[in-house]
Amino acid sequence: MSKTAVRDDRTSRKLFDVKLLLGTAAVVALLGVSIFTGEYSIFSAEDGAQMFANTRIPRTVALILSGAAMAMSGLVMQLLTQNKFVEPSTTGTTEWAGLGLLVVLFFAPNSSILVKMVGAVVFSFVGAMIFFAFLRKVSLRSSLIVPIVGIMLGAVVSSVSTFFALQTNLLQNLGVWFAGSFTSVMVGQYEVLWLVLGVVVAVFFYADRLTVAGLGEEIATNVGLNYQRLLLIGTALIAISTGVVTVVVGSLPFLGLIVPNIVSMIRGDDLRSNLPWVCLTGIAVVTVCDLIARTIISPFEMPVSVVLGIVGALVFIAMIVRQRKNVR
Amino acid sequence: MSANLFTPDAQPLAQKPASVRANRGAGAFSTPKARRNYIIIMVALLMLSALATLGLLAYKNPMPFGSERFWLIAERRASAVTAMGVVALSQAVATVAFQTVTNNRIITPSIMGFQSLYTAIHTATIYFFGSAGLIAARNTEMFVFQLVLMVLLSLLLYSWLLTGKNANMHAMLLVGIVIGGGLGSVSTFMQRMLTPSEFDILTARLFGSVNNADPEYYPIALPLVLASTLLIYLNSRNLNVLGLGKDVAQNLGVNHRRHSLFMLVLVSILMAVSTALVGPMTFLGFLVAILAYQFADTFDHRYVIPMAALIAYMVLTVAYFLMQHVFYAQGVVSIVIELVGGIVFLIVILKKGRL
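Residues numbered from 1 in each chain as written. Chains lettered and ligands numbered in written order. Predicted model: local features only at pLDDT ≥ 70, side-chain atom pairs only at ≥ 80, totals over all residues. Heavy atoms only, no water.

Enquirer: Hey, could you go over the overall build of chain A for me, with residue numbers and the actual values?
Expert: Regarding its fold elements, chain A presents 13 helices and zero strands. Helices and strands in chain A line up, N terminus first, as α-α-α-α-α-α-α-α-α-α-α-α-α. Considering only contacts within chain A whose residues lie at least 6 apart along the sequence, 77% involve residues at least 24 apart. Just so you have it, chain A exposes about 14,000 Å², and 66% of that area is on carbon and sulfur atoms. (Helix = DSSP H or I, 4+ residues; strand = E, 2+ residues; numbered from the N terminus. Contact = heavy atoms within 4.5 Å. Areas by Shrake-Rupley, 256 points an atom, 1.4 Å probe, with all protein chains shown as cover.)

Enquirer: Lay out the packing of helix 8 (residues 218-234) of chain B against helix 11 (residues 256-278) of chain B with the relevant residues and their values.
Expert: All names here are of chain B. It is at 10 Å that the axes of helix 8 and helix 11 come closest, and there the two elements cross at 150°. One element, helix 8, and the other, helix 11, form an angle in the roughly antiparallel class. Classified by chirality, the crossing of helix 11 by helix 8 is left-handed. Note on element contacts: helix 11 touches helix 8 through F262, M263, L266, I269, L270, V273 and L277, opposite Y218, A221, L224, V225, S228, T229, L231 and I232. Of the residues that constitute the contact of helix 8 with helix 11, the class distribution is 13 nonpolar, two polar and no charged. (Axes fitted to C-alpha atoms, helices over the stretch in contact; angles between N-to-C directions. Parallel < 35°, antiparallel > 145°, perpendicular 65-115°, else oblique. Left-handed = near helix turned anticlockwise from the far one by under 90°. Nonpolar A, V, L, I, M, F, W, Y, C, P; charged D, E, K, R; others polar.)

Enquirer: Describe in detail helix 3 (residues 68-101) of chain B, supporting the description with residues and values.
Expert: All names here are of chain B. The first and last C-alpha atoms of helix 3 sit 49 Å apart over 34 residues, in line with the 50 Å expected at 1.5 Å per residue. The sharpest bend along helix 3 comes to roughly 25°, located at A78. Backbone geometry just after helix 3 places N103 at a positive phi near 60°. (Expected span 1.5 Å × (residues − 1). Bend = angle between axes of the 7 residues up to and from the residue.)

Enquirer: Would you mind going over the interface of chain B and chain A in detail, with residue names and values included?
Expert: Chain B puts 45 residues into the contact, and the matching count from chain A is 47 residues. In total, chain B and chain A occlude about 4,000 Å² of area from one another, counting both sides; carbon and sulfur atoms represent 79% of this. Across the chain B-chain A interface, the total number found is zero salt bridges. The tally of links from chain B across to chain A stands at zero residue pairs in polar contact (both at pLDDT 80 or more). Listed by contribution, the elements that provide at least two residues to the side of chain B that touches chain A are helix 5 (140-162), helix 6 (169-192), helix 7 (196-206) and helix 14 (333-352) of chain B. The greatest single-element share of the side of chain B that touches chain A, amounting to 15 residues, is contributed by helix 6 of chain B. When grouped by side-chain class, the residues that make up the side of chain B that touches chain A number 29 nonpolar, 13 polar and three charged. (Buried area = accessible area lost by both parts, 1.4 Å probe. Salt bridge = Lys/Arg side-chain N within 4 Å of Asp/Glu carboxyl O. Polar contact = N/O pair within 3.5 Å; in protein donor to acceptor, adjacent residues only side chain to side chain.)

Enquirer: Please set out a nonpolar patch on the surface residue by residue, giving values where relevant.
Expert: Residue and element names in this part refer to chain A. Taken together, the side chains of V288, I292, I296, I297 and F300 define a hydrophobic patch exposed on the protein surface, amounting to about 430 Å² of accessible area. Within the element layout of this structure, I297 appears in the loop between helix 12 (271-295) and helix 13 (304-325). What makes I297 partly exposed here is its relative accessible area of 30%. (Patch = residues over 30% accessible without salt bridge, like charges linked within 9 Å, V, L, I, M, F, W, Y side chains within 5 Å. Buried < 20%, exposed > 50% of the residue type's maximum accessible area, 1.4 Å probe, protein only.)

Enquirer: Tell me about helix 6 (residues 171-178) of chain A, and please be specific about residues and values.
Expert: Among all positions in helix 6 of chain A, only L171, Q172 and L174 of chain A are buried. The arc that holds the buried residues of helix 6 of chain A, viewed along the axis, is 155°, so those residues lie on one side. Looking at the buried positions of helix 6 of chain A, the neighbouring elements they touch are helix 3 (93-107) and helix 5 (145-167) of chain A together with helix 6 and helix 7 of chain B. (Arc of directions from axis to C-beta.)

Enquirer: Run through the packing of helix 3 of chain B against helix 8 of chain B, naming residues and quoting values.
Expert: Residues and elements named next belong to chain B. Where helix 3 meets helix 8, the axes come as close as 10 Å, and the angle between the chain directions of the two elements is 30°. Considering how the two elements wind past one another, helix 3 and helix 8 form a crossing that is left-handed. Contact residues: S79, T82, A83, V86, L89, S90, V93 and A97 in helix 3; Y218, L222, V225, L226, T229 and I232 in helix 8.

Enquirer: Quick rundown of unusual backbone geometry? Include the residues and the values.
Expert: Residues and elements named next belong to chain A. Notably, Q82 is not glycine yet its phi reads approximately 55°, a positive angle. Residue classification places Q82 among the partly exposed residues on the basis of a relative accessible area of 44%. Phi is positive for F254, close to 70°, though the residue is something other than glycine. Counting through the fold element by element, F254 comes out in the loop between helix 10 (227-248) and helix 11 (255-267). Its relative accessible area of 8% is what places F254 among the buried residues.

Enquirer: Which residues make up the confidence of the model for chain B, and what values go with them?
Expert: Caution applies to low-pLDDT parts of the model: their predicted coordinates are not meant to be read in detail. Residue and element names in this part refer to chain B. For chain B, per-residue confidence averages 77 on the pLDDT scale, and residues scoring 70 or more make up 85% of the total. Summarising per-element confidence for chain B, the mean pLDDT is lowest in helix 1 (residues 15-22) (46) and highest in helix 8 (88). Within the model, pLDDT remains below 50 along residues 1-16, and this stretch shows 24 contacts once partners closer than five positions in the same chain are excluded. Every residue in residues 18-25 scores below 50 in pLDDT, and together they form 11 contacts with partners more than four places removed in sequence or on other chains. (pLDDT = per-residue confidence, 0-100.)

Here is the structure:
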């Protein structure tokens, strides 16, 4: 899709350069701002240090992990489907995770966060597989129709969730749970999020193979890649990060869509050298949106998903219009 | 011969094709059997709808049939039945026309952001003015305001995205959906701040239900729906050509852009009326369009449109009758329809294998 697909194959050699260092420094500075932002002053109050350890640090870790993981899963999904408009929230994967969560809540209301997470991950895996199966079975005439169908799939799943929630009086809970927010992230609540670190590492490990998979099944098979297995692994990675992030934080709409597209717009499509940038940009976007969400109606706090939803929608529309201008 | 089978009040538009059909050699149906099947199915649908309508109006009416009090009760029930008729007509006709114009059988106009707009308007009303405000806002002005807002939004979309040099239907759809998503997250945020009782009141309004319809709205809603339906129906032949795709349509001398725009405007009026009247119904239109194409066994819109409308009416009346008198779960009618429609949607796309 991008014209700058393979601009310079030597970029893949240089994983770490000055720019990346500068970018990292900028993101670290941003995270610093995030740590020290809040109504509760951690310096003047008596138990400031405790608050700092119990909420600010977990919150920042959550920002880092979920930002990087969702940006990565967007990227993996785009490679596997060869479509730039795809990510967990435009393919219904997030909705599947929510349904899984709801099912666990219904059958075992007092289950631990780990059980909830397993439910969400299993359902997101099934959902992502259904979407891929659908893409393989259905021939599509336009790349734009893929997200349309994905969003409709999501609508079906969320109508099931709504029905379920309505019958069990969980409807408002569902809304609260679904709206992604870092407000409730604190010690004892967020630790499962560390799991997605594994996803990030795995994506780095599979980077080259995923790049090849991004060229299509035939080419990938021709160069000796076990495409089916990679598809399974990729789906599992997406499902784990979507499921875990949905359970701990909620849905982060459009994040996986904006970040990989911005990075590939600037840097081209070499996955291995882009990966650190995708991580960094993901963290940066989540952190900035979280800062906006926390300060705009201070002392109250908006869910970050509202800010992401609005910003993401604008970026998404800009992308569509851009694609419309350069005739495909 | 079949002209008198269609009773005027149930299906006023179905009279015309029968007379036209009589003098035509090459018909819309591949075989005489297909045409016979079409007529049989239409008659069966009519009888079923009439039965369900009668049931909705008269079943368990405590007063003896024919008495003055009986009619008073029937009249009140007739308001809900009218809403079903309006919704059936607008959803079915809009979906069939929309699918043809967008040249895609699996999408429905209701994903275009109308319901997000509806949700946003209602949530904002209860958020800023409380539940009293939401009840007070139940008047004709508000209804018209919603209609105008929805139609304006879609007009903006169409004119911006469909009239450029590289006009692209899919881009337009996606932009509509994404705007809807953005509005949706704003609504979610506001819903979060509501007290549980306010939220309950809002929920009742946000699920599509014919009980949301206020008879006060009918003088505005009915003419709009009937006129748009009539215009779409009269343009059936153009729709048949548009369905062949842009290039073919242009080759055949149809101004594709102008006709598409015209159709889309009518579709958005229909969808706006239906949504503002009873609330969102995402998959009803999809469900009936699929069924109509399946049963009608033709691509001619003069036959598909009436059948789709009749199926929609039948589905709604039968569903409400069953839920009211058999399962005693009237509140969830639309959700059940959504579920069935959603599942059918999944099955159809996976079985069909193309878009």
